[in-house]
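Coordinate analysis (summary)
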Amino acid sequence: MKFDVIALGELLIDFTENGMSEQGNPIFEANPGGAPCNVLAMLNRLGRKTSFLGVVGKDQFGVSLRAALDELGIDTGHLYTHPEVHTTLAFVHTFADGDRDFAFYRNPGADMMLEEKQIDAAYLTSARAFHYGTLSMTHDTVRAATRRAIEIAREAGLLISFDPNLRPPLWSDLETAKEQITYGLSQCDLVKISDEEVTFMTGCEDPREGGRILHAQFPNIKLMNVTLGKEGSVAFYKDMEVFEAPFIQENTIETTGAGDTFGACALHYVLEHGLEDLTEQQLTEMLRFANAAASLITTKKGALRVMPMVEEIEQLIAAR
């Protein structure tokens, strides 16, 4: 295999708040981002060979994003440049507790321009795993491309990984969002889903109860990990439900990329151990490592360029 993981989706600039100017205006830092690429960046830290499939604009942001992936060692052989549509931008407003709100400049954005004809079967089947989210399902053209890629990956027997990554402002209506997340869930072996997304999909306020509902509803999902923010995480596997406590950071500044970091660690563990005969002890080990890694990213601005090193994660776990 040429790659461990190919991810499809959005590569964009996350403008994150970084202090105030002398005039009292907020200063924004242009961080490379986009959930699927954040996942790849963490996988690279863990020694995996990764490749990204998507589109950026022919502008300064597109050039800098390509350079960032090249610098991190993420293959850009299938990162396309759109000649007219600008690179997608996201402005991230951070609240006091580190949580955030997003404003997107994407009407259209280059990440929406991926077409079905750009989906190369030989390329996709050169990987062990395929990862996707729902930002590539918000509009018809990129949705068709995403579905084609999933189809090829499934037929070839790749491990299929999914993150709903719900961003309500990007959907024409939330019913469509629910339909597309349902499709995404129906196609994968492994999923990372947040407590808020579980509530959105099931109407159940208790994410563990909601997780049980989804676990029963989608028997194709071999391992479902529900992230509970500051409350830790829980894995649903066969008839097991395994909870692991969080690592709370005193110096959390923002949560951008925490879920992606978690998801990458879980995917890495599954690539290492498979999905057939995981024990409760292994699931606990997987969640602990993923929780620790996710907590470390909350102490940094942005995500893609600043993923934690394995040694940092292991030190945090050892210090507990």
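Residues numbered from 1 in each chain as written. Predicted model: local features only at pLDDT ≥ 70, side-chain atom pairs only at ≥ 80, totals over all residues. Heavy atoms only, no water.

A separate point is the packing of aromatic side chains. Aromatic ring pairs are described here by two measures, namely the spacing of the ring centres and the angle between the planes. What the rule picks out here adds up to 8 aromatic pairs. Between F91 and Y105 the ring centres are 5.3 Å apart and the planes differ by 70 degrees, which places this aromatic pair in the edge-to-face class. Here F91, found in strand 6 (residues 89–94), pairs with Y105, found in strand 7 (residues 100–105); they are 14 residues apart in sequence, far enough to count as distant. These aromatic residues form a ring-pair network of at least three members: F15, F28, F61, F91 and Y105. Residue placement shows R147 over the ring face of Y183; its charged tip is 3.6 Å from the ring centre. Cation over ring: R320 sits above F247, and NZ or CZ is 3.8 Å from the ring centre. (Phe/Tyr/Trp six-rings, centres within 6.5 Å; stacked < 30°, edge-to-face > 60°. Helix = DSSP H or I, 4+ residues; strand = E, 2+ residues; numbered from the N terminus. Lys NZ or Arg CZ within 6 Å of the ring centre and 35° of its normal.)

Relative to the 26 Å expected for 18 residues at 1.5 Å per residue, helix 9 (residues 280–297) spans 26 Å between its end C-alpha atoms, a close match to the ideal helical length. Of all 18 residues in helix 9, 13 are buried; the element is thus mostly enclosed. (Expected span 1.5 Å × (residues − 1). Buried < 20%, exposed > 50% of the residue type's maximum accessible area, 1.4 Å probe, protein only.)

With that settled, consider the packing of helix 6 (residues 195–202) against helix 7 (residues 207–217). Two elements in contact, helix 6 and helix 7, have axes whose closest approach is 9 Å; the angle formed by their N-to-C orientations is 60 degrees. Taken together, helix 6 and helix 7 sit at an angle that is classed as oblique. Note on packing geometry: the crossing formed by helix 6 with helix 7 is left-handed. Counting all contacts with helix 6, which are made through D195, V198, M201 and T202, the residues of helix 7 involved are P207, G210, G211, I213 and L214. In terms of residue class, the contact of helix 6 with helix 7 is built from 5 nonpolar, 3 polar and 1 charged. (Axes fitted to C-alpha atoms, helices over the stretch in contact; angles between N-to-C directions. Parallel < 35°, antiparallel > 145°, perpendicular 65-115°, else oblique. Left-handed = near helix turned anticlockwise from the far one by under 90°. Contact = heavy atoms within 4.5 Å. Nonpolar A, V, L, I, M, F, W, Y, C, P; charged D, E, K, R; others polar.)

Right, let's get into the pattern of salt bridges. According to the stated counting rule, one finds 16 salt bridges in the structure shown. Here R143 makes a salt bridge to D140, at a shortest N to O gap of 3.5 Å. On the criterion of helical spacing, the pair formed by R143 and D140 is a turn pair, its members being 3 residues apart in helix 4 (residues 140–155). On the basis of relative accessibility, which here comes to 16%, the residue R143 falls in the buried class. According to the relative accessible area criterion, D140 is exposed, its value standing at 60%. (Salt bridge = Lys/Arg side-chain N within 4 Å of Asp/Glu carboxyl O.)

The topology assignment puts T176 in helix 5 (residues 174–187). With sequence-adjacent residues up to four places away left out, T176 is seen in contact with R143 and W171.

On to the environment of F95. Tracing the backbone through its elements, the reader meets F95 in the loop between strand 6 and strand 7. Expressed as a C-alpha distance, the spacing of F95 and E254, which sit 159 residues apart in the sequence, is 8.0 Å.

Attention now moves to the sheet that holds strand 8 (residues 127–133). One open sheet holds the 9 strands; their spatial order is 5-4-1-8-9-10-11-12-13, and the pairing between them is mixed. In the strand order of this sheet, the two ends are held by strand 5 (75–82) and strand 13 (240–244), each with one partner. Strand after strand, the sheet turns through a mean of 15 degrees between neighbouring axes, direction not considered. Contacts from helix 1 (residues 35–45) reach strand 1 (3–8), strand 4 (50–57) and strand 8, with the element oriented near 145 degrees to strand 4. Most of the contacts of helix 4 go to strand 8, to which it runs at about 150 degrees, and overall it touches strand 1, strand 8 and strand 9 (159–163). (Pairing = 2+ DSSP bridges.)

Counting 55 residues, the largest nonpolar core has L11 and L223 as the members making the most contacts within it. Looking at this core, the elements with two or more residues in it are strand 1, strand 2 (12–20), helix 1, strand 4, helix 2 (60–72), strand 12 (233–237), helix 8 (258–273) and helix 9. The biggest single contributor to this core is helix 9, with 10 residues. Those residues in contact with L11 that sit more than four places away from it in its chain are G33, C37, F52, V56, L65, L69, L79, T87, D111 and L304. Y123, A153, L158 and L214 belong to the second largest nonpolar core, which has 43 residues in total. (Core = buried A, V, L, I, M, F, W, Y, C linked by side-chain atoms within 4.5 Å.)

Mapped onto the elements, T138 comes out in the loop between strand 8 and helix 4. Engagement of the side chain of T138 in a polar contact is seen with the backbone oxygen of L135, the distance being 3.3 Å. In terms of polar contacts, T138 uses its side chain to reach the side chain of H139, at 2.7 Å. Setting aside its immediate chain neighbours within four residues, T138 contacts R106, R143, L170 and W171. (Polar contact = N/O pair within 3.5 Å; in protein donor to acceptor, adjacent residues only side chain to side chain.)

Before going further, it helps to examine the packing of helix 4 against helix 5. Contact geometry for helix 4 and helix 5: axes closest at 11 Å, N-to-C directions at 15 degrees. Classified by the interaxial angle, the pair formed by helix 4 and helix 5 is roughly parallel. Seen along the crossing, helix 4 lies across helix 5 with a hand that is left-handed. For the pair helix 4 and helix 5, the contacting residues are R143, R147, I150 and R154 in the first and T176, Q180, Y183, S186 and Q187 in the second. Within the contact of helix 4 with helix 5, the residues separate by chemical class into 2 nonpolar, 4 polar and 3 charged.

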